[in-house]
Amino acid sequence: MIESSIDINSLWLNLACTSRQFLALMSSGKLAGEGDEDKLAILERRILRRIFGPKINNMTQQYEKRNNIEIQQLYKEPDIVAVLKNRRMAWAEHVWRSNGLMKEVLKWKPQGKRPLGRPKQRWIDKVEKNLAEIGIRDGELIAQDRDRWKQVCVAVMGLNGL
């Protein structure tokens, strides 16, 4: 019998990291709303629950589904929503520090009549909402200091739903 030096658990965790990168890439292309972030978190937990498998109850000797807290403790990484918030903040810093077309487009206000109904949520609205949750009003000014902005990114990443 040939023994394999490949650790099955590390293969599964690599699969989890790959699926996370895939989910982040797919959701970064479009504006992820609140419902989309919830759906991404549910999908990520479902994938991790499948990877880590059920647990055995010592009293009844029955398999039980792992709850969200146990999944988070086993994975030891921030959830997909926190990663997306961190990437959103990193991109905001990049745009605010630049002096090019991206910054001009971000600050552009269209002229004319607005359509009826609720205005669509913009990308910058999500950034400002995340900053307001940690008590920061002028993110553009703070983004000029890279070290302070890194602290802001870490703080925003800690705003997860669990």
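An account of the accompanying structure is given in this report.

Criteria and thresholds
- Residues numbered from 1 in each chain as written.
- Predicted model: local features only at pLDDT ≥ 70, side-chain atom pairs only at ≥ 80, totals over all residues.
- Heavy atoms only, no water.
- Helix = DSSP H or I, 4+ residues; strand = E, 2+ residues; numbered from the N terminus.
- Buried < 20%, exposed > 50% of the residue type's maximum accessible area, 1.4 Å probe, protein only.
- Contact = heavy atoms within 4.5 Å.
- Core = buried A, V, L, I, M, F, W, Y, C linked by side-chain atoms within 4.5 Å.

**Considering the overall build of the chain**
Along the backbone of the chain there are eight helices and two strands. Going from N to C terminus, the chain has its helices and strands arranged as α-α-β-β-α-α-α-α-α-α. Split into buried and exposed, the 162 residues of the chain put 29% on the buried side. Pairs at least 24 residues apart make up 63% of the contacts formed inside the chain by residues separated by at least 6 positions.

**Details of the nonpolar core**
With 13 residues, the main nonpolar core has Met89, Trp96, Val127, Leu131, Trp149 and Val152 as its most contacted residues. Residue assignment for this core shows that the elements contributing at least two residues are helix H4 (80–97), helix H6 (123–133) and helix H8 (146–157). Considering each element in turn, this core owes the most residues, four residues, to H8. With residues up to four places along the chain from it excluded, the contact list for methionine 89 reads Val127, Asn130, Leu131, Trp149, Cys153 and Val156. By size, the runner-up hydrophobic cluster in this structure holds five residues, among which are Ala41, Ile80, Val81 and Leu84.

These values are about where atoms sit, not about what they do.
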